[in-house]
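# Results of the structural survey
Spelled out from the first residue to the last, the chains are:
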Amino acid sequence: MAGLSVLPGRDEERAALARAVDGLCAGNGTVLDLAADPGLGKTSLLHLLARTAAERGATVLRARAEGPSAKPYQVFRDALENGDHRPDTAAPPWDAGDDRDLLRALRDRWTDPAGTVLLLDDFHHCDPASARLTERLLGEPPPDRLLLVLAHRPRQTPPALLAALDGAKQTGAVLRVEPAPLTTAAVTALLPAAAQFPDADEHRAERLRAASGGNPRILHLLLAAGPDPDRWPERTDAAAGPLLRAAAPLLAELDTLPAAVADVLAAAAVLGEPFRLGDVARVAGEQTDRTADALAELARADLVRSLGPGGDLAFRHPVLGRLVHHRLNPGLRLNAHRRALALLEARGAPAAARARHAEQLLLGGAPAEALPVLVEGAAEVVVRSPATAARWLRAALESAPADTHDARTRIGLALDRCRALTAAGRLEQARALGHEILRTPGGLPEPLDVQALAVCVGVERLLGRYAEADAMARTVVDRLPRPLPAPLPAATADLVLDYGLLHAVRGTAAEVRALAHEGAAAASAAPAGHDGTALRVLAAFCDSYAGDFALAEPEIERCGRLVDARPDTVAGRAPDVLALLGCAELYVERFTDAHRHLSRGLATASGGAHKHSAVNHLLGLSILDQWAGRLDPAQRHAREAERLGTEIGAPDVVGLAMAMRASALLWAAPRRRTAEVLALAEQGLRHTVPGTGWWAGSAVGLLAQARLVGGDPAACLRTLLEESGGEDLHLLQPAAHPSLFALMTTAALLCGDLDTARRGARAADAAAERLGRPSFQQSQADRAAAAMAFVEGDPARAAELALRAARTLRRLRMPVQYAWTVIAAAPVLAQAHGPAAALGPLDEALDAARACGALRLCEDGARARAALTAGGPGSPGGSPADPAADPVDPAAVLGALLSAREREVAELAADGLPSRRIAERLVLSPRTVDTHLGSIYRKLGVSSRSALARLLHGPGDPAGRGPIR
């Protein structure tokens with residue numbers, strides 16, 4: 001890979017090489033042990049070292065060990081004879097002297113005043129005499145004018161030499177440098193230079209790092225094969241050409257293997273990972289003992305590795321197996337796969353394990369034995385690997401003669417492929433295939449006509465074409481017999497489920513609620529009842545969305561038990577069902593169950609599949625994390641949903657993810673970043689498509705809260721009234737009405753609109769009553785009532801309601817909402833019961849805010865506390881005010897945000913003391929001081945000592961973290 005000599009992520013290694021060269025120039029010789037697995041960049045570091053040493057005037061000699069066929073001392077001979085042409089120096093007695101004589105002769109040659117650098121690459125391949133000479137050299141003090149560099153692979157290095165290197169390292173005679181796998185940041189820095197991967201981002205870089213194991217050489221190969229990490233290590237043969245060209249150096253290493261060993265390696269590649277000795281022997285057609293010898297040789301060459309005591313083996317990296325497989329003679333490869341398939345069939349292996357071999361037979365022209373295996377295998381893997389299932393089904397459809405299957409079977413396979421393409425995120429391909437199926441000449445027979453419509457409705461929904469999806473679904477839904485037949489046919493159950501999912505994302509779940517209940521009852525009469533479970537979850541979701549918690553809660557609990565008892569792979573609808581269930585549980589405040597089911601759904605919709613479903617799980621987890629005070633995970637989940645939404649072309653998803661990320665940042669970022677946070681929330685709402693229900697409605701609520709907390713109550717009120725259908729908020733989800741009406745009440749009060757505030761408070765209480773007064777939503781109604789009571793002159797009642805809301809939120813383990821409630825109520829508590837009574841709850845709220853990193857609340861709490869103790873705004877006689885309007889008291893902020901030790905470190909750092917001086921003053925280590933500084937920067941939202949100093953001592957806006965992206 002171009003540019004590896006300046007490979008990112010190698011700062012420590014380059015610094016170690018520079019120190020070694022500096023030592024040589026100062027007359028301090030040493031041995032540098034450069035040890036790493038293949039492909040981690042040893043040779044590139046040698047190039048860098050050679051260039052650096054030559055620039056300093058040192059003599060640089062280098063050679064590469066040649067392996068078993070080399071003469072005694074060959075690597076030393078090559079280094080000296082190729083690079084040392086001094087006529088006045090006799091050659092060492094290679095063939096006549098013993099090791100002691102050779103060492104003496106070599107020391108005489110290493111007297112260059114500027115020093116000599118002896119670079120020996122691939123030293124694990126050195127001949128026994130060179131290894132023995134090196135062991136003796138390691139046992140003596142290194143020559144003053146020699147830097148000996150041994151680059152080798154520890155897994156292949158002779159044990160005696162490894163022991164000598166370890167012993168010398170203990171005495172300080174050896175400097176060991178071990179290049180580590182690349183980090184994600186290093187991979188990200190590399191990618192822009194790769195023409196094959198121009199649109200690198202952190203997520204793709206992480207997938208690349210994981211797929212390559214952080215190995216630069218493997219990374220190069222994978223980039224050559226194509227920039228889609230979701231499909232590694234399994235790829236189609238289309239990538240074989242670029243991959244083989246990029247792998248030329250590695251293939252040269254494979255070409256040195258004896259023929260018998262290469263045959264065993266090929267058999268292992270055919271079997272795929274993991275493989276075992278006996279299976280390899282059968283596929284290779286070799287005796288077991290000879291196969292064992294070959295595998296031992298491959299292990300010594302570090303091409304094959306053991307996976308543990310069970311006997312399973314694997315390639316050093318999966319890409320090696322793919323390389324070997326690509327190079328096989330087509331005829332030999334076909335026969336090997338036939339033997340592998342027979343072996344697995346005799347063992348009763350699952351179809352998914354056999355399908356890999358069946359696919360190769362199909363490519364080789366043997367459809368009869370391959371087609372059934374491919375179809376069965378596709379059904380087994382469609383949930384966890386839908387792209388593979390789609391590929392296998394395409395091969396089955398294209399390779400089978402037209403008369404192999406009747407028309408119904410072929411249409412069924414095409415529908416299965418359409419479902420697999422949908423799950424894999426290839427929506428346009430799925431849509432084209434679905435519409436092609438609908439255009440079948442002569443029409444589709446029952447029930448394939450309903451199945452095809454269900455598939456197409458699902459695709460249109462995921463593409464955001466809600467009107468088209470609704471129109472297609474209604475062609476059947478409006479003609480369904482009512483009541484629905486029991487048991488409900490599977491095709492009809494699928495259509496009802498997809499129709500319900502459509503209305504769920506449109507925010508019109510009420511329109512399908514009755515049908516969902518009827519369908520659930522009818523489908524539950526079917527054997528196995530899986531479709532019944534899915535429709536029961538849909539019905540429970542519709543009830544919870546509508547705010548009918550009394551009906552929804554017991555059914556949600558029953559559905560949770562049903563879903564928990566089922567494997568992830570049932571019917572391929574697990575991600576959809578888990579997302580619906582998790583969201584329903586979120587509405588009825590079963591937060592622990594919601595987090596468990598959404599996490600399970602996200603794990604099911606992973607590996608590049610089910611991206612459209614994954615975003616629903618990510619968004620649900622983001623709001624749950626935020627409520628639980630896990631602000632960093634909340635932002636990560638929202639950012640990942642934003643990334644996936646961009647990938648799949650779903651602007652609604654992107655917009656809501658932005659709004660959710662802004663909502664978490666609102667609490668995590670300091671107040672001085674309010675404008676950036678609000679801009680992100682506003683951008684999120686703009687991304688959502690007006691009139692698309694749930695997406696836009698959720699973004700509206702989040703933006704309204706951000707504007708209120710950010711200090712713009714007029715904008716909050718305007719958002720609620722203009723974007724949600726008026727004062728009744730009928731365009732927003734009924735399950736969230738109490739909290740939304742509470743926002744309206746607070747915003748109206750701050751704007752001086754008492755009439756709107758009163759109506760909002762009454763509406764919040766009435767909405768909570770309709771919901772059955774669930775804890776969180778009731779706490780929000782209590783907050784609205786507390787605000788009204790305070791304004792109407794009843795501080796005692798206001799304090800009682802505010803504390804009741806706070807206790808509820810604390811019991812629910814919602815620290816951000818709890819701290820916000822107490823801090824906002826501090827003036828109320830002070831006026832009702834005196835400042836001392838307010839300080840206790842306020843300090844507890846500050847502890848909660850600090851624990852979850854809510855910087856804004858820490859700042860607001862510090863201001864409120866300072867005001868209470870100083871008799872300023874917020875003290876008795878004052879009124880609730882926007883904390884953003886109060887000046888920042890640096891001492892109060894420090895006291896609220898930082899521990900006692902952190903305050904000491906912050907004050908000294910702000911005074912300009914370096915870490916070493918701070919460490920001396922506080923009797924700490926410099927590393928501990930730096931750790932404290934990192935925590936201080938995070939808590940205060942600054943990024944440097946100068947910004948810290950400006951925050952604590954100087955005027956103006958302190959420098960902070962970069963802009964929100």
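From a predicted model like this one, the values you see are computed outputs, not experimental measurements.

A count of helices and strands for the chain gives 47 helices and seven strands. Relative to its 965 residues, the chain shows a buried fraction of 54%. Long-range pairs, those at least 24 residues apart, make up 66% of the contacts in the chain with a sequence separation of at least 6. A total of about 39,500 Å² of accessible surface is found on the chain, and carbon and sulfur atoms cover 54% of it.

Among the six residues in strand E1 (residues 30–35), six count as buried, and that is most of the element. Burial along E1 is two-sided: the face carrying Thr 30, Leu 32 and Leu 34 and the face carrying Val 31, Asp 33 and Ala 35 are both buried. Relative to strand E4 (residues 146–152), E1 is paired through six bridges, and the arrangement is parallel. For Leu 32, the partnering residue across the bridge sits in E4 and is Val 149. The pairing of E1 with strand E5 (residues 174–177) spans four bridges and is classified as parallel. Counted as the bridge partner of Leu 34 is Val 177 from E5.

Two pairing modes exist for strands in a sheet, parallel and antiparallel, and in both the strands are linked by backbone hydrogen bonds. Read from one edge of the open sheet, five strands run E2-E3-E4-E1-E5, paired in parallel fashion. In this open sheet, the two strands that pair with only one neighbour each are strand E2 (59–64) and E5. Direction aside, neighbouring strands of the sheet carry axes that sit 15 degrees apart on average. Contacts between helix H2 (residues 42–55) and the sheet are confined to E1, E2, strand E3 (116–121) and E4, with E2 contributing the most and set at about 160 degrees to the helix. Packing against the sheet, helix H6 (residues 159–170) makes contact with E1, E4 and E5, and its axis sits at approximately 110 degrees to E5.

Looking now at the nonpolar core. If you look at the biggest cluster of nonpolar residues, it comprises 157 residues, and the most contacted ones within it are Leu 535, Phe 541, Trp 667 and Leu 857. In contact with Leu 857, other than residues within four places in its own chain, are Trp 667, Val 816, Ala 819, Trp 820, Ile 823, Leu 846 and Ala 849. Of all hydrophobic cores here, the second largest spans 37 residues; its members include Leu 257, Ala 267, Val 319 and Ala 340.

Residue position: Gln 626 is located in helix H30 (residues 611–627). Residue Gln 626 is classed as buried on the basis of its relative accessible area of 3%. Sequence-distant contacts of Gln 626, that is, excluding residues within four places in its chain, are made with Leu 631, Ala 634, Met 660, Ser 663, Ala 664, Trp 667, Gln 705 and Val 816.

Okay, the environment of Leu 433 next. Take Leu 433: it is sitting in helix H21 (residues 427–438). Overall, Leu 433 belongs to the buried group, its relative accessible area being 13%. Expressed as a C-alpha distance, the spacing of Leu 433 and Cys 456, which sit 23 residues apart in the sequence, is 9.2 Å.

Scoring rules and cut-offs
- Residues numbered from 1 in each chain as written.
- Predicted model: local features only at pLDDT ≥ 70, side-chain atom pairs only at ≥ 80, totals over all residues.
- Heavy atoms only, no water.
- Helix = DSSP H or I, 4+ residues; strand = E, 2+ residues; numbered from the N terminus.
- Buried < 20%, exposed > 50% of the residue type's maximum accessible area, 1.4 Å probe, protein only.
- Contact = heavy atoms within 4.5 Å.
- Areas by Shrake-Rupley, 256 points an atom, 1.4 Å probe, with all protein chains shown as cover.
- Pairing = 2+ DSSP bridges.
- Axes fitted to C-alpha atoms, helices over the stretch in contact; angles between N-to-C directions.
- Core = buried A, V, L, I, M, F, W, Y, C linked by side-chain atoms within 4.5 Å.

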